[in-house]
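The primary structure of each chain is shown beneath.
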Amino acid sequence: MFKINEDYLKLPGSYLFSNIAKKVAAFQEQNPKKQIIRLGIGDVTQPLAPAIIESLHRSVDEMGHAETFHGYAPDLGYEFLRSVMAKEDYQSRGCEIRADEIFISDGAKCDSGNIQEIFAKNNRIAVCDPVYPVYVDTNVMAGRTGIYDPDSQTWSDVIYMPCTEENGFAPSLPDQVPDIIYLCFPNNPTGATISREALQEWVDYANRNGSVIIYDAAYEAYISEEGVPHTIYECQGARTCAIELRSFSKNAGFTGVRLGATVIPKELKCGDTTLHSLWARRHGTKYNGAPYIVQRAGEAVYSPEGKEQLKKQVAYYMNNASVIETGLREAGYQVSGGVNAPYIWLKTPQGMTSWEFFDFLLEKANVVGTPGSGFGPSGEGYFRLTAFGSYENTVEAIKRIRQA
Ligand code: MLT
């Protein structure tokens, strides 16, 4: 008889956003007339920018002619996309990242879940608490997290770095040294940022201790303040300790198109083995590349027109963030985030858990958000709203929350 991967059985419940989707669907079925506003999952609502659509049309036409047809993509992704990313995302910021250190993929969610495969099972991971659940859940599936304690909602072998009001939602360097450190800035879910100096401390810590940092930069486009790093490679020494994940979902609306990238500098080594070579082996074996047309669409993100159009799109969402932030603050809520990130992190009203507040908002305001406790124990008593709705829905949602 075959055996299953029993580590999957250790996962409590279903994936956070699937769970929410089920609850919302059940509520809608019982209340078919209610107009539900969804500010839960960080999914975009604005259409793809014209420059991207034009590029998609052009490349779709290419696929219809033998001379310009494209089959399997190169292992690491097309050179045209990797080169423009190296130049625009890194070299233009003074960071030494080359095109052949960038691996194109179909999104940062998959990469952030899959990257742990190239590390030994007995590595100790550290995560922020609260945290994007994919980092933890995929390590659970890999059998790396020990035993789950339902009371504290923590895993015995995971180092949790609480991000609380007291520390401004910025994690402290852990006393117990982890092997793998997951960081995401601007942060999902809290919307907090890290200064370049603070990130440099993490890089120094990792280099000193032989740890690797997996740095999720999916929300980089939302940075509006000076002194906030756009990439970890702005820090000295990051090439020997950091992997960076990039996404086209939030900056360019690719949640349904799918495109991302992982950057692994060639100096990042364990003994003589480069992590680059392991990820290249994994990529070549398990993945056949993001579609040509999608990589062409990604290239358009960096064209002058694309950049201009996407700057407006980001500004549109950030205006929503400000509507949420101001509206809730005026209503007496304690709010943070929303300045360099499309997420607003609010404290639930006194005496209400995150899930109680979720139910309350769904029933009374027909607004969906994400319960903070879904992201980890330190998220209890908090709630996340996204700025990715339409402007009209965002205004309406805040009006309803205030009335509720
Ligand atoms: C979120 O809501 O946290 C994100 O949309 C999830 C994701 O990007 O996969």
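Residues numbered from 1 in each chain as written. Predicted model: local features only at pLDDT ≥ 70, side-chain atom pairs only at ≥ 80, totals over all residues.

If you look the protein up in an unreviewed UniProt entry, it shows as LL-diaminopimelate aminotransferase from Suipraeoptans intestinalis. The Function (unreviewed entry) field of the UniProt record for the protein holds the comment "Involved in the synthesis of meso-diaminopimelate (m-DAP or DL-DAP), required for both lysine and peptidoglycan biosynthesis. Catalyzes the direct conversion of tetrahydrodipicolinate to LL-diaminopimelate." Regarding the protein, the relevant UniProt record gives this comment under Subunit (unreviewed entry): "Homodimer." (UniProt positions renumbered as here; feature names shortened; annotations may be inferred.)

What the seven strands build is an open sheet, ordered β2-β10-β9-β8-β7-β3-β6; its pairing is mixed. Two strands lie at the open edges of the sheet, namely β2 (102–105) and β6 (158–162), each paired on one side alone. If you compare each strand with its neighbour and ignore which way they point, the axes differ by 20° on average. Sheet topology places strand β8 (residues 212–216) next to strand β9 (residues 242–247); four bridges connect them, and they run parallel. (Pairing = 2+ DSSP bridges. Helix = DSSP H or I, 4+ residues; strand = E, 2+ residues; numbered from the N terminus. Axes fitted to C-alpha atoms, helices over the stretch in contact; angles between N-to-C directions.)

On to the pairing of strand β3 (residues 125–129). Of all five residues in β3, five are buried, a share of seventy percent or more. Neither face of β3 is exposed, since Ile125, Val127 and Asp129 on one face and Ala126 and Cys128 on the opposite face are all buried. Strand direction decides the pairing type here: β3 and β6, joined by five bridges, are parallel. The partner of valine 127 across the bridge, within β6, is tyrosine 160. Note that β3 and strand β7 (residues 180–184) share two bridges and pair parallel. Opposite isoleucine 125, over in β7, you have isoleucine 180 as the bridge partner. (Buried ≥ 20, exposed ≤ 12 C-beta atoms within 10 Å, placed from the backbone.)

With numbering matched to this structure, UniProt assigns "domain: Aminotransferase class I/classII large" (unreviewed entry) to residues 35–401. Here residues 35–401 is 36% helix and 17% strand, with 14 Å between the C-alpha atoms at its ends.

With that settled, consider the site of the ligand. Taken together, the neighbourhood of the ligand is formed by Ile41, Gly42, Asp43, Lys109, Tyr132 and Asn188. The residue inventory of the shell around the ligand, partitioned by class, reads two nonpolar, two polar and two charged. A domain-level breakdown of the shell around the ligand finds at least three residues from each of domain 1 (13–48 + 305–403) and domain 2 (53–304). (Near = placed C-beta within 6 Å. Nonpolar A, V, L, I, M, F, W, Y, C, P; charged D, E, K, R; others polar. Domains from an automatic or database assignment.)

Glancing now at the UniProt feature "binding site: substrate" (unreviewed entry) in the protein. The positions UniProt marks with the feature "binding site: substrate" (unreviewed entry) are Tyr15, Gly42, Lys109, Tyr132, Asn188, Asn288 and Arg384. These annotated residues cover 370 residues of sequence, and their C-alpha atoms reach 35.2 Å apart at the extremes, leaving them scattered rather than at a single site. For tyrosine 132, the location among the structural elements is in the loop between β3 and α5 (133–141). In this structure, tyrosine 132 is in contact with Cys184 and Asn188, ignoring residues within four places of it in sequence. (Contact = placed C-beta atoms within 7 Å.)

The next subject is the nonpolar core. A general tendency of soluble globular proteins is for nonpolar side chains to be buried together. Counting residues in hydrophobic clusters, the biggest one holds 106 residues, and the most contacted among them are Val127, Tyr182 and Ile213. Both of domain 1 (13–48 + 305–403) and domain 2 (53–304) provide at least three residues apiece to this core. Aside from chain neighbours lying at most four places away, what touches tyrosine 182 is Ile125, Ala126, Val127, Val131, Tyr135 and Ile214. (Core = buried A, V, L, I, M, F, W, Y, C linked by C-beta atoms within 7 Å.)

So, on to the pairing of β9. The element β9 is largely enclosed, with a buried count of six among its six residues. Burial of the side chains of β9 extends over both faces: Ala242, Glu244 and Arg246 are buried on one face and Ile243, Leu245 and Ser247 on the other. Relative to strand β10 (residues 260–263), β9 is paired through four bridges, and the arrangement is antiparallel. Within the sheet, the bridge partner assigned to glutamate 244 lies in β10 and is valine 263.

Attention now goes to the sheet that holds strand β16 (residues 370–371). Pairing between the strands of a sheet is mediated by backbone hydrogen bonds and can be parallel or antiparallel. The antiparallel open sheet is built from four strands, whose spatial order is β13-β14-β17-β16. Edge positions in the open sheet fall to β13 (335–337) and β16, since each of these has one partner strand only. Bridge analysis of strand β14 (residues 343–347) against strand β17 (residues 382–386) gives five bridges, and the strand direction is antiparallel. Residue pairing for β17: leucine 346 is matched across the bridge by phenylalanine 383. Seen against the sheet, helix α10 (residues 304–330) touches β13, β14 and β17 and runs at an angle of roughly 15° to β14.

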